[in-house]
Amino acid sequence: MQRDGAPVESANQPGGNTVDPNSAPNQGLIPDASPWPSDAALPEGEGAELPLLYNDDAAVFEKRVALLLPLSGQHGELGRAMRHAAELAMFDIAGDDFILMPIDTAGTYQGGQNAAREAVDAGAKMILGPLFAESVSGASEVAKSANVPVVAFSNNRRVAESGVWVNGLIPEDQIARAAGYATTQGRYRFAALLPQNDYGRQIASGLNTVVSRVGGTLGRVAFYQPGSEDLQQTIRDFANYDARRANLRAHKAQLEADGSAGSKRALRRLEGVDTFGELDFDALILPATGGELRQVSSLLAYFDVDPSVVQFIGTFGWNDPGLFSEPALKGGIFAAPNPENWELFAARFERTFGSQPPRISSLAYDSTALAALMARDENNMSQQTLTNPSGFVGVDGIFRLTPDGQSERGYAIMQVQPDGAKVIAPAPASFDQVF
């Protein structure tokens with residue numbers, strides 16, 4: 001019986017996952033182990049059989065974990081793909097008695113609350129998801145009262161609390177990793193240009209702490225309204241363009257008045273130059289993505305913020321082939337999981353389900369694999385095990401959950417180049433190498 005109300009796409013015998021745990025590869029979410037079981041444990045091709053995820057008759061013997069996702073509504077396709085990723089983790093790691101219960105949140109607060117109540121009533125020992133912060137807030141109220149841990153896929157730290165972990169790819173952590181790398185390259189004077197929305201304000205709230213922690217100083221921080229008519233003026237002011245233009249005119253006048261051969265050579269060097277004088281920052285944090293990033297970076301170049309002089313720093317949202325050919329972003333850096341594991345996972349997902357997975361589906365895989373590993377010993381399904389300081393390793397590399405509901409990850413540093421984003425500093429292999 002499928003908990004999200006949708007028909008089971010295909011099923012094996014009642015009673016849960018039918019993969020023999022003694023023959024399935026025992027690898028993955030443990031330190032110093034490969035996260036990649038053998039393909040021999042996987043079904044191949046679209047329409048391959050998947051285990052029956054929920055069977056009430058076997059409740060006495062089952063270790064139930066709820067998977068809360070938006071399985072209907074505008075994000076339904078994403079939710080279903082994440083459910084497939086979770087099913088893939090079951091094949092790789094789960095024992096016969098592990099039962100995953102997909103439940104629809106519809107991506108709303110009330111939907112998260114209702115889904116969590118259904119999960120608790122069905123005997124779930126852990127909740128994976130929801131995906132969106134609003135749904136996490138709804139689900140956490142119910143789960144906390146029932147003492148059921150929640151490992152959410154959100155990247156919004158504001159919904160984290162004791163017993164409710166935010167296990168998404170958190171942009172603040174990505175900025176911290178990239179900023180730390182920038183300081184190793186001699187960049188210590190940081191500025192930030194942020195969108196005037198919840199995302200920008202979320203990043204701004206801890207930015208000074210992040211920069212200070214890696215040994216830098218944070219100077220000017222400006223907000224812009226995405227898509228507004230004032231965007232050009234905002235960036236013009238941020239770049240201190242008018243003052244630098246005035247400096248150029250004054251400097252040229254001084255050289256012309258001098259009239260010496262050296263001054264004439266200096267004047268020739270200034271031909272085609274728009275401004276004169278250094279900016280008061282040598283690293284710029286730009287968390288925008290997509291078309292917004294393209295527009296902002298182009299305006300920065302227009303107002304003479306040179307990416308060959310200023311290190312542009314982004315987030316994992318920069319990992320977009322449509323951005324790699326942008327001249328204004330060349331040499332920019334961002335933090336991301338090492339790409340090799342994702343490429344392997346995506347290939348296996350496509351062989352199994354016949355389509356490419358959305359990038360964040362790895363969160364469902366890693367969290368389900370973690371739950372399945374813990375469920376092999378029922379006594380291990382505890383907060384103490386979840387917060388193992390050694391952490392775990394999965395598709396997105398090493399990660400660990402902290403007692404206050406946060407998560408920490410080891411990220412690689414990627415650099416934007418015309419032929420794609422390249423790893424210029426690998427992700428750490430263990431947490432003693434992270435900080």
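All chains use their own residue numbering, which begins from 1 and follows the written sequence. Selection of residues for local features in this predicted model requires a pLDDT of at least 70, selection of side-chain atom pairs for listing and counting requires 80 or more, and totals for whole chains, interfaces and linings are taken over all residues. Neither water nor hydrogens contribute to the side-chain values; these are computed over all heavy atoms in the structure.

### As for the pairing of strand E2 (residues 98-104)
Looking along a regular strand, one sees the side chains alternate between the two faces of the sheet.
(1) Moving on: The buried label applies to any residue whose accessible area, calculated with a 1.4 Å probe on protein chains only, is under 20% of its type's maximum; exposed applies above 50%, and partly exposed to all values in between. Strands here mean DSSP runs of E at least two residues long; helices mean DSSP runs of H or I at least four residues long; both are numbered from the N terminus. With 6 of 7 residues buried, E2 is to be regarded as a mostly interior element.
(2) Moving on: Whether two strands pair depends on DSSP finding at least two bridges between them. Here strand E1 (residues 63-69) runs beside E2; their pairing, made up of 7 bridges, is parallel. By the bridge assignment for E2, valine 65 is matched with leucine 100.
(3) Moving on: The handedness of a crossover follows from its direction of travel: if, with the strands pointing away from the viewer, the path from the first strand over the helix to the second runs clockwise, the crossover is right-handed. As for the winding sense of the linkage, the β-α-β connection from E1 through helix H1 (residues 76-93) to E2 is right-handed.

### Some words on the pattern of salt bridges
(1) Moving on: Counted as salt bridges are all cases of a side-chain nitrogen of Lys or Arg within 4 Å of a carboxyl oxygen of Asp or Glu. Taken as a whole and assessed by the stated rule, the structure comprises 15 salt bridges.
(2) Moving on: The partner of glutamate 161 in a salt bridge is lysine 144, with the nearest N and O atoms 2.6 Å apart. Taken together, the residues span a long stretch of sequence, with glutamate 161 in the loop between strand E4 (150-152) and strand E5 (164-166) and lysine 144 in helix H3 (residues 133-145) at a distance of 17 residues.
(3) Moving on: Its relative accessible area of 27% is what places glutamate 161 among the partly exposed residues.
(4) Moving on: Residue lysine 144 is classed as partly exposed on the basis of its relative accessible area, which comes to 41%.

### Some words on the sheet that holds E2
(1) Moving on: Strand order in the open sheet formed by 5 strands is E2-E1-E3-E4-E5, with parallel pairing between adjacent strands. Both edges of this open sheet fall to E2 and E5, since each of them pairs with a single strand only. Averaged over all pairs of adjacent strands, the angle between strand axes in this sheet comes to 20°, irrespective of strand direction.
(2) Moving on: As paired elements, E1 and strand E3 (residues 126-128) share 3 bridges and run parallel to each other. Directly across from alanine 66, in E3, lies its bridge partner isoleucine 127.
(3) Moving on: Contact between two residues is taken to exist if any of their heavy atoms lie within 4.5 Å; hydrogens are not considered. Simply put, an axis is a line fit to the C-alpha atoms, just over the touching stretch for a helix, and the angle between two N-to-C directions goes from 0 to 180 degrees. Running over the sheet, helix H2 (residues 109-121) touches E1, E2 and E3 and is turned about 150° from E2.

### Concerning the side chain of asparagine 167
(1) Moving on: Summarising the element assignment, asparagine 167 is placed in the loop between E5 and helix H4 (171-184).
(2) Moving on: Residue class for asparagine 167 comes out buried when judged on its relative accessible area of 2%.
(3) Moving on: Beyond its immediate chain neighbours, meaning those up to four positions away, asparagine 167 contacts Val151, Ala152, Ser154, Leu363, Ser367, Phe399, Leu401, Ser407 and Arg409.

### Structural notes on the confidence of the model for the chain
(1) Moving on: The predictor attaches a confidence to each residue, called pLDDT, with possible values from 0 through 100. With 81% of its residues at a pLDDT of 70 or more, the chain has an overall mean of 85.
(2) Moving on: Note that residues 1-54 has pLDDT below 50 and, in this model, 141 contacts with residues that lie over four places away or in other chains.

### Regarding unusual backbone geometry
(1) Moving on: Residue glycine 129 is joined to proline 130 through a cis peptide bond whose omega torsion reads 0°.
(2) Moving on: Here proline 130 is to be found in the loop between E3 and H3.
(3) Moving on: For alanine 106, which is not glycine, the phi torsion reads 60° and is therefore positive.
(4) Moving on: Tracing the chain through its elements places alanine 106 in the loop between E2 and H2.
(5) Moving on: Since its relative accessible area comes to 39%, alanine 106 is described here as partly exposed.
(6) Moving on: With a phi close to 65°, aspartate 304 is a non-glycine residue in the positive phi region.

### Comments concerning the layout of surface pockets
(1) Moving on: Its volume calculated, the largest pocket comes out at about 500 Å³.
(2) Moving on: Secondary-structure elements contributing two or more residues to the lining of the largest pocket are H4 and helix H5 (198-205).
(3) Moving on: Of the residues contributing to the lining of the largest pocket, the split by class is 11 nonpolar, 9 polar and 1 charged. Both cavities and pockets are sets of points on a 1 Å grid over the protein atoms alone; in a cavity a 1.4 Å probe fits but cannot get out, in a pocket the set is open with protein on both sides within 12 Å along at least five of seven lines, and lining residues sit with an atom within 4 Å of a point. Grid points are joined across faces, edges and corners, and a volume is the space filled by probe spheres set on the points. Residues are grouped as follows: nonpolar covers Ala, Val, Leu, Ile, Met, Phe, Trp, Tyr, Cys and Pro; charged covers Asp, Glu, Lys and Arg; every other residue, Gly included, is treated as polar.

### Some points on the sheet that holds strand E14 (residues 412-417)
(1) Moving on: Spatially, 7 strands are ordered E7-E6-E8-E9-E10-E14-E15 in an open sheet, and the strand pairing comes out mixed. In the strand order of this sheet, the two ends are held by strand E7 (217-224) and strand E15 (420-425), each with one partner. Looking at each pair of strands side by side, their axes are set apart by 30° on average, direction ignored.
(2) Moving on: Here H5 sits on the sheet and contacts strand E6 (189-195) and E7; the angle it forms with E6, its principal contact strand, is near 155°.

### A short note on the nonpolar core
(1) Moving on: We call a set of buried Ala, Val, Leu, Ile, Met, Phe, Trp, Tyr and Cys residues a nonpolar core when their side-chain atoms join them within 4.5 Å. Counting 93 residues, the largest nonpolar core has Leu193, Leu284 and Leu300 as its most contacted members.
(2) Moving on: The element that contributes the greatest number of residues to this core is helix H12 (residues 361-375), accounting for 9 residues.
(3) Moving on: Those residues within four positions of leucine 193 in sequence are excluded, and the remaining contacts are Ala222, Tyr224, Ile235, Phe238, Leu284, Ile285, Leu286, Pro287, Val296 and Leu300.
(4) Moving on: Grouped together as the second largest cluster of nonpolar side chains are 24 residues, Leu68, Val136, Ala143 and Val166 included.

### As for the pairing of E14
(1) Moving on: Pairing of strand E10 (residues 333-336) with E14, which is carried by 4 bridges, proceeds in the antiparallel orientation. Following the sheet pairing, alanine 336 is matched in E14 by alanine 412.
(2) Moving on: Where E14 and E15 come together, 5 bridges link them in antiparallel fashion. Across the sheet, the residue bridging to methionine 414 is valine 423, located in E15.
(3) Moving on: Taking the residues that link successive antiparallel strands as the turn, the E14-E15 hairpin has 2 residues.

### Here's the deal with the environment of phenylalanine 238
(1) Moving on: Among the secondary structure elements, phenylalanine 238 is positioned in helix H7 (residues 231-238).
(2) Moving on: With 47 residues separating them in the primary sequence, phenylalanine 238 and alanine 191 have C-alpha atoms 9.6 Å apart.
(3) Moving on: Among all residues touching phenylalanine 238, those that are not within four sequence positions of it are Ala191, Ala192, Leu193, Arg220, Ala222, Phe281, Leu284 and Leu300.

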